[in-house]
Amino acid sequence: MNKPKQSTFGPAPRVAPRPEELRHLDDLRIDPYYYLRDKELPELQDYLQAENAYTEEVMASTKELQEEIYQEIVGRIKETDQSYPTLRRGYYYYTRTEQGRQYPSYYRYEEEAFEEHWGDRPQEVEGGELIFDVNLMAEGQPAYIFAGYSVSPDNRWVAYMSNTTGSYAEFDLRIKSLETGQELPLCIAGVASLAWAEDSETIYYSLIDETLRSSRVLRQCIHEAEGQLIYEELDGRFSCSVSETKTHEYLFISCSSSTSSEEYYLAADGRDTEPKLLLARQPDVRYSVLTHRDRLYLYYKDKEQLNGALYATSLEGVADRSSWRTILAHRPEVRLESLGIYEHYVVTEERVEGLSQIRILDPLGQPLREVAFPEPVYTLALRGSSQYDTRKVRYTYSSPNRPSSLYEYDLETGESRLLKQQEVGGGYQPEDYVVERRWALAEDGTTRIPMALLYRKGLKRDGSAPALIYGYGSYGISMEAQFSVSILSLVDRGFVYALAQVRGGSELGEQWYEDGKFLKKEHTFTDFAACARLLVDEGYTSPERLAAMGGSAGGMLMGVVANRWPELFGCIVAQVPFVDVVTTMLDDSLPLTTGEYEEWGNPNEREYYDYMKGYSPYDNLRAQRYPAMLVTGGINDSQVLFHEPTKYVAKLRSLKTDDELLLLRMNMDSGHGGATGRYSGIRDTAFEYAFILYSLGLAS
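Here's what I pulled together on the structure shown here.

Cut-off values and rules
Residues numbered from 1 in each chain as written. Predicted model: local features only at pLDDT ≥ 70, side-chain atom pairs only at ≥ 80, totals over all residues. Heavy atoms only, no water. Patch = residues over 30% accessible without salt bridge, like charges linked within 9 Å, V, L, I, M, F, W, Y side chains within 5 Å. Areas by Shrake-Rupley, 256 points an atom, 1.4 Å probe, with all protein chains shown as cover. Salt bridge = Lys/Arg side-chain N within 4 Å of Asp/Glu carboxyl O. Lys, Arg positive; Asp, Glu negative; His and termini not counted. Charge placed at Lys NZ, Arg CZ, Asp CG, Glu CD. Helix = DSSP H or I, 4+ residues; strand = E, 2+ residues; numbered from the N terminus. Buried < 20%, exposed > 50% of the residue type's maximum accessible area, 1.4 Å probe, protein only. Pairing = 2+ DSSP bridges. Axes fitted to C-alpha atoms, helices over the stretch in contact; angles between N-to-C directions. Parallel < 35°, antiparallel > 145°, perpendicular 65-115°, else oblique. Left-handed = near helix turned anticlockwise from the far one by under 90°. Contact = heavy atoms within 4.5 Å. Nonpolar A, V, L, I, M, F, W, Y, C, P; charged D, E, K, R; others polar. Core = buried A, V, L, I, M, F, W, Y, C linked by side-chain atoms within 4.5 Å.

Looking now at a negative patch on the surface. On the surface, E110, E112, E115 and E116 cluster together into a patch of negative charge. The element that contributes the greatest number of residues to the negative patch is helix α3 (residues 111–118), accounting for three residues. Structurally, E115 is set in helix α3. Under the relative-accessibility criterion, E115 is labelled partly exposed at 40%.

What follows deals with the pairing of strand β13 (residues 202–208). Counting buried residues in β13 gives seven out of seven residues, a clear majority hidden from the surface. Note that strand β12 (residues 191–196) and β13 share five bridges and pair antiparallel. Looking across to β13, one finds that L194 is bridged to Y205. Where β12 hands over to β13, the hairpin turn is made up of five residues, of which S200 adopts a positive phi near 60°. By the bridge criterion, seven bridges tie β13 to strand β14 (residues 214–221) in an arrangement that is antiparallel. By the bridge assignment, T202 is partnered in β14 with C221. Between β13 and the antiparallel strand that follows it, β14, lie five residues; L212 among them carries a positive phi value of about 70°.

Quick look at the packing of helix α2 (residues 63–76) against helix α13 (residues 678–695) now. Remark: α2 packs on α13, axes separated minimally by 8 Å, with the N-to-C direction vectors making an angle of 130°. Considering the angle they form, α2 stands oblique to α13. When you trace α2 past α13, the crossing you get is right-handed. Taken together, the residues of α13 that come into contact with α2 (itself represented by L65, Q66, E67, I69, Y70, I73 and V74) are Y679, I682, R683, T685, A686, F687, Y689, A690 and L693. Taken together, the residues of the contact of α2 with α13 sort by class into 12 nonpolar, two polar and two charged.

With that out of the way, let us pick up the nonpolar core. Counting 120 residues, the largest nonpolar core has I469, F528, F569 and I692 as the members making the most contacts within it. Considering every element that reaches this core, the biggest residue donor is α13, with 10 residues. Residues contacting F528, with those up to four places away along its chain left out, are I469, Y470, G471, A500, V502, A548, L557, M558, V561 and F569. I175, L186, I203 and L207 belong to the second largest nonpolar core, which has 18 residues in total.

Below you can see the structure in the form of structure tokens.
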């Protein structure tokens, strides 16, 4: 392999250190680049521009490769496509993408007209009433996020949220007439959630505060300029949101932290301004309420019922545990993932040994049937139905070598019908690929860590193949082994793709999550290293050909493994990485910090402070060899502020003793999710893949 070296190029950008003493709990840390958090500093802007220019210089020889990968990915997607129509309150809704256009368009069809013209071939629907053309809305904007829309119950108004910053935390709410196309003067900044009242003249919405926490709920007539505050969440660990229900009887205000929750309800008629408490919050108890016209259902989770249980009761009996009827008891081996409550059925999505299945019960909990698949690795997701009296629900299925398929399941007959399957171009054939599920052994010698693998048939397990291992492992988010058109560009070049389902996610149930947070966070890191070692030990790859990738909290994982096991990896891609853990978690003025105490711990307590400091990637950078690294960031990132990847690269440059590539790529227009248009996003992916190939000496 002819791996590129940093010394081949001109001097990498440097920024002068300005050591800052950070004292906390009688401990002193020295941060040489603390000052880079100030976005207005002229030298910061110069430094970021220099880093981006240097990255372009180093990657200049891969331009053709980037374009090749970009064209491959675009060639596999159906550029002009549409979603399968969905019926809601008398209209069928669908989304359409068109070749060459960055953003989708949203349409609807009146129910009777749709069924007359498209009833026998709904997958071919064209035209209808254009609600939004996001391409026109985004014109002239360097970034644009359309965060979704909600139509009023009478189908006359549509409320939508968007921004031009690329931030996934701050959106403006506007309302448009679906009869005239004209927008109301109303524009509300900082809206996080929205619910329509049944009068179609009143909205309830939640607003973010200066830390980007959704903390207040207001009621407002859409023709008035000001809203009325009806709820305020004062606990900084909790966020609140407002939502509608399938039965249209109530609206709910949901307050939640990482470990606790509380629900209030309002009459849905639009006049109610006094939220009524359902069940008071308790430490380590999370619950949610789903409505049925004859009863309420409660999803309930506590320390003894980590995987969740389902109960039924009356509105008046919610606070009286003795009145709860068990619909689904807690099962230690089964995680209750999601629920659909309908007039005649209860539909659940459950996860067993990391794989999902769908179960159908009658309203009182009697089992009727289930939907499961025999494959060793797949992703199954319940999509449900918006209709309370439905007899049919939808679900999606995919696996690493099987494109996503949308099915409709008949709750009465138990039959599944394929509605739409993802079309993949470029000569793709599923049978050309192998999917495996492997289990790595954790540091304790007994815990087994699941890992999904994808590679082309004919792989020689002699260590000669390159590989990419991806990981996350935080917030209980499960990394799903699903189909990806983009990863094929590496797999078709001989890569083994590995998805490490490490502790900190919920792939094996809630205990899997609990065992990867707080003072057990180390499991996330050591599990990932164990998965990487399995790939090497079993001959799938070798350390010099192994790439690792993760984003956000997964970027923190990348920072830890780079510090501790640099010899395991040939290169690392850390996307918008959360790397300055201690400093960020000590600054409660930053977005989201206080709420994060229930994920990482409170560093104002000595035990958590010392533990965090022991793994925080920025604090543990040192003079040693590091793998080649690409670090990305977003100047408008609200989840991981831009200064974290910026400081990280600056400090790493000053310490590393090797000649491997270290590149910072800062998006100067957008935020946490990177480029907002679909083609721009594909170009970002092509760039990252080209870096992997180039840094491993595999670019041609």
